[in-house]
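Commentary on secondary and tertiary structure
Take a look at the letters that make up each chain.
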Amino acid sequence: MNLRRLLAIVIKELRQVRRDRLTLAMIIGIPVLQLLMFGFAINMDVRNLDAAVLDQAQTAHSRALVAELGASQVLNLRYRARVPQDLSALLRAGRIAAAIVIPPDFEARLARSDRPAIQMIVDGTDQTVQQAARQLAQFPFETLLNPDANAVKSVEIVNYYNPGRKAPINTVPGLVGVILTMTMVLFTAVALVRERERGNLEMLIATPVSPWELTLGKVLPFVAIGLLQTTVVLLLGWLVFSVPVRGSLSAVYVAALVFIVASLALGVLLSTLARTQFQAMQLAFFIFLPQILLSGFMFPFAGMPMLAQWFGELLPMTHFLRLMRGIMLRGADLTDLWQELAALAAFAAIALVIAVTRVKKRLD
């Protein structure tokens, strides 16, 4: 082995990396992104869950209890319900994660201390909400309101939509988004860059194909692939894990279709930034990581800092995850979740327009 020749090869490779600005940015960007994303996302201490309260007792003690629950910082009591149907509607639409019900005989329950004084209804589509509710239920609120009362189980938890607390029921709807994000963005970005590398774009230069026609022609086949993947995940989730689809199956596919278009548009956009297939894969991974960590799929969305939540709201998977869990597990329809669908459609439209404007029929 000649050390001089070896050193020459090493220097040559370092110069190549220095000239490849995208790879150089990934060398620094990926560890920085991982550190920041994991640092912000991994926080199981959930706070300020949106909640509603139904006070059927309307006594001094019940009002004091509501104030105590609000001061716990676990719940953010945004809504005051008048009838139980209000709570069901709020839960179904995904506006709240939990609901507090104070029964008419609240004072009698406090006096006897023989059974839970209040009832907490939680959205079982999110396991972190279930965990936060169980922690809150351990607090003896009776002793705060009545120092002479015995410390008994204060809160009865009613788990909506996933009473058995089965993990696959929470996970499978989110896996649809994970799989589509990983495949649609990567496939599209790599496919377009591969066409450029192989010189196939030369044949298109002499044709009257517009950027819109070129982009849509490359994207439409992957739409069918994405819908096929959605079908496979839903079918296996039902057959293997008994994951239900309580809402409309057509609503599931409408949400999936919009998300697929958004992911494909993002993939086309990445392809305009990359010059090689390796760079396209790097960019796809760079985009994939925050969508997994900041969408609420792996870690509780409510436990993230406000800045991370704002950034998460810009990601299409955040809204798609809410759509899938709402339709599949809570039986919601698209009118209940129109805000999530509108945000997803807006992202798809903006990404598609930007991607098309960057597509140019040239070889360089």
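Here the structure is a predicted model, which is why all the values come from computation and not from measurement.

1. A look at the overall build of the protein chain
Check the secondary structure of the protein chain and you find 15 helices and five strands. For the protein chain, contacts bridging at least 24 residues in sequence account for 76% of all contacts bridging at least 6. Surface summary for the protein chain: the accessible area is close to 18500 Å², and the carbon and sulfur share equals 63%.

2. Some words on the confidence of the model for the protein chain
Taken as a whole, the protein chain shows an average pLDDT of 82; of its residues, 85% reach a score of 70 or greater. Least confident of the elements in the protein chain is helix α7 (residues 141-145), whose mean pLDDT is 56; most confident is helix α14 (residues 316-330), at 94.

3. Remarks on the pattern of salt bridges
Scanning the model with the defined rule gives seven salt bridges in all. Across the salt bridge formed by D336 and R92, the nearest N and O atoms sit 2.6 Å from each other. Linking D336 in the loop between α14 and α15 (338-358) with R92 in helix α4 (residues 84-92), this pair joins segments that are 244 residues apart in sequence. Residue class for D336 comes out partly exposed when judged on its relative accessible area of 23%. Among the ionic pairs, D105 bridges to R109, the shortest N-O distance being 3.2 Å. Connected via shared salt-bridge partners are R92, D333 and D336.

4. Let's talk about the packing of helix α10 (residues 211-241) against α15
The axes of two packed helices give the description: the angle between them and the distance between them. Where α10 contacts α15, the two axes come as close as 9 Å, and the packing angle between them is 120°. Of the possible angle classes, the one that applies to α10 and α15 is oblique. α10 and α15 meet at a crossing whose hand is right-handed. Residues P211, W212 and T215 of α10 touch α15, and the partners they reach there are L352, V353 and V356. A class-by-class count of the residues in the contact of α10 with α15 yields five nonpolar, one polar and no charged.

The rules we used
The residue numbers shown here count from 1 along each chain, following its written sequence. With the structure being a predicted model, the display of local features is reserved for residues of pLDDT at least 70 and the display and counting of side-chain atom pairs for 80 or more, all residues being used for whole-chain, interface and lining totals. Each side-chain value is worked out from all heavy atoms of the structure, with water and hydrogens disregarded. The helix and strand labels rest on DSSP assignments: H or I over at least four residues marks a helix, E over at least two residues marks a strand, and numbering proceeds from the N terminus. Residues count as neighbours in contact if any of their non-hydrogen atoms are within 4.5 Å of one another. The protein chains shown are the only cover counted for residues, whose accessible areas, like all others here, come from Shrake-Rupley with a 1.4 Å probe. A score between 0 and 100, pLDDT records how confident the predictor is in each residue. Just to be clear on terms, a salt bridge is a Lys or Arg side-chain nitrogen sitting within 4 Å of an Asp or Glu carboxyl oxygen. Relative accessibility decides the category of a residue: with a 1.4 Å probe and only protein chains considered, values under 20% of the type maximum give buried, values over 50% give exposed, and everything between is partly exposed. Only the contacting stretch of a helix is used when fitting its axis, a line to C-alpha atoms as for every element, and angles between N-to-C directions run 0 to 180 degrees. By definition in this entry, angles of less than 35 degrees are roughly parallel, angles greater than 145 are roughly antiparallel, angles of 65 to 115 are roughly perpendicular, and the rest are oblique. Should the near helix be turned anticlockwise from the far one by less than a right angle, the crossing is left-handed, and should it be turned clockwise, the crossing is right-handed. Each residue is assigned to one of three groups, with Ala, Val, Leu, Ile, Met, Phe, Trp, Tyr, Cys and Pro labelled nonpolar, Asp, Glu, Lys and Arg labelled charged, and all others, Gly among them, labelled polar.

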